Amino acid sequence: MMPLFNIIGSSKGKTIGQIKDELGIERDKMVKGASGLIVENLLGIQNNNRDEADIPEIGCEIKILPLQKNRNGEIKAKEPTAIQMINYMEVSQETWETAKLRNKINLTFWVVYLAKKNGVSLHQNDYVIVDYFLDHPTDVQNGIFKKDWEDIQKYIIEGRADQLSCSMGVYLEPKTKGANNQDKTHAPDGKGGTIMARRRAFYYKKNYTNTAIIPQIDLSPIKEKK
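Just so we're clear, the structure is a prediction, and the values are computed from it rather than from any experiment.

Draft legend 1. Quick peek at the pairing of strand 10 (residues 200-204). A large share of strand 10 lies buried, amounting to five of its five residues. Going residue by residue along strand 10, you find Arg200, Phe202 and Tyr204 tucked away on one face and Ala201 and Tyr203 tucked away on the opposite face as well. Relative to strand 10, strand 3 (residues 81-85) is paired through four bridges, and the arrangement is antiparallel. Within strand 10, the position partnered with methionine 85 by the bridge is alanine 201. As defined by bridge partners, strand 7 (residues 172-176) adjoins strand 10 across five bridges and the pair is classed as antiparallel. Across the sheet, proline 174 pairs through a bridge with phenylalanine 202, a residue of strand 10.

Quick look at the structure:
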């Protein structure tokens, strides 16, 4: 992990544009999702949708966390963070002990950057790398994840996958994720058959990143200089 710490540590306070220049990547070649892709290029970690973690040797996931700095100086997570697509049929057959989601939340290397300031979204070239944090949830936090996951699973098993809501959960939310509201997949109907339900993914709620991640990072790169 030390190389990752050193790479991001040496990038603190730099903008995505500066990092692109250092990597020799043409700025107009990377548009949507550039911040994540840049960090992947910087860290040498390729984007993947596998069940295993991004760095399987140590079971570590890489997550990118955009921040927003409000006019009053308050710094918060800009949005929930995607973890993994929900396979309704698989989740209905899992237990918390066997849940694939656990591979994605057990150990996470968070790279944090500023994306919005004073109510205005920054151009992606002006995103500032703030800090990193290696997160391994405590027993108490894992208990909350477990409760959230089981509540979501209950809906799925009962044939209510389409009634899931991102208002659910304390740390996890089942947020819609697909091309449109017609982007559906198979889910249990609660009677031994299947129905079609909107695609969703497990997301970290902002409540988790605001309380468990942001307080642990060094915000000095985006604090106003006195």
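Draft legend 2. Structural context of the sheet that holds strand 3. Taken together, three strands build an open sheet; the order of strands is 3-10-7 and the sheet is antiparallel. Edge positions in the sheet fall to strand 3 and strand 7, since each has one partner strand and no second. Within the sheet, the average angular offset between the axes of one strand and its neighbour, ignoring direction, is 40°. Strands strand 7 and strand 10 of the sheet are contacted by helix 6 (residues 139-157), whose axis makes an angle of about 40° with strand 7.

Draft legend 3. Quick look at the side chain of serine 92. Following the sequence through the fold, serine 92 ends up in helix 4 (residues 88-93). Setting aside anything within four residues of it in sequence, one finds serine 92 in contact with Gln153, Ile156, Ile157 and Pro188.

Draft legend 4. Inspection of the pattern of salt bridges at higher detail. For the coordinates displayed, the defined rule picks out 14 salt bridges. The residue lysine 146 makes a salt bridge to glutamate 150 at a minimum N-O spacing of 2.8 Å. In this pair, lysine 146 and glutamate 150 are both assigned in helix 6, four residues apart and thus about one turn of the helix distant. Here lysine 147 makes a salt bridge to aspartate 151, at a shortest N to O gap of 2.8 Å. Placement of both lysine 147 and aspartate 151 in helix 6 is noted, with a separation of four residues, approximately one turn of the helix. The class of lysine 147 is partly exposed, set by a relative accessible area of 47%. Salt bridges linked by common partners bring Lys12, Asp131 and Asp218 together as one network.

Draft legend 5. Quick peek at helix 6. Given a rise of 1.5 Å per residue, 19 residues ought to cover 27 Å, and the 26 Å separating the end C-alpha atoms of helix 6 matches this to within 8%. Within helix 6, the full set of buried residues consists of Gln141, Phe145, Asp148, Trp149, Ile152, Gln153 and Ile156. End-on view of helix 6: buried residues confined to an arc of 135°, all on one side of the axis. Pointing more than 90 degrees away from the buried face of helix 6 are the exposed residues Asp139 and Val140. Turning to helix 6, the residues buried within the fold contact helix 4, helix 5 (101-105), strand 7, strand 8 (184-188), strand 10 and helix 7 (206-213). At the exit of helix 6 stands glycine 159, carrying a positive phi of roughly 80°.

Draft legend 6. Focus on the side chain of arginine 198. Within the secondary structure, arginine 198 is located in strand 9 (residues 194-198). Ignoring sequence-local partners within four residues, the contact set of arginine 198 consists of Tyr88, Asp162, Thr176, Asn180, Asn181, Asp183 and Lys184.

Draft legend 7. Summary view of the environment of glycine 159. Mapping glycine 159 onto the fold places it in the loop between helix 6 and strand 7. Among all residues touching glycine 159, those that are not within four sequence positions of it are Pro188, Asp189, Gly190 and Ile195.

Each value, and the rule that gives it
Residues numbered from 1 in each chain as written. Predicted model: local features only at pLDDT ≥ 70, side-chain atom pairs only at ≥ 80, totals over all residues. Heavy atoms only, no water. Buried < 20%, exposed > 50% of the residue type's maximum accessible area, 1.4 Å probe, protein only. Helix = DSSP H or I, 4+ residues; strand = E, 2+ residues; numbered from the N terminus. Pairing = 2+ DSSP bridges. Axes fitted to C-alpha atoms, helices over the stretch in contact; angles between N-to-C directions. Contact = heavy atoms within 4.5 Å. Salt bridge = Lys/Arg side-chain N within 4 Å of Asp/Glu carboxyl O. Expected span 1.5 Å × (residues − 1). Arc of directions from axis to C-beta.

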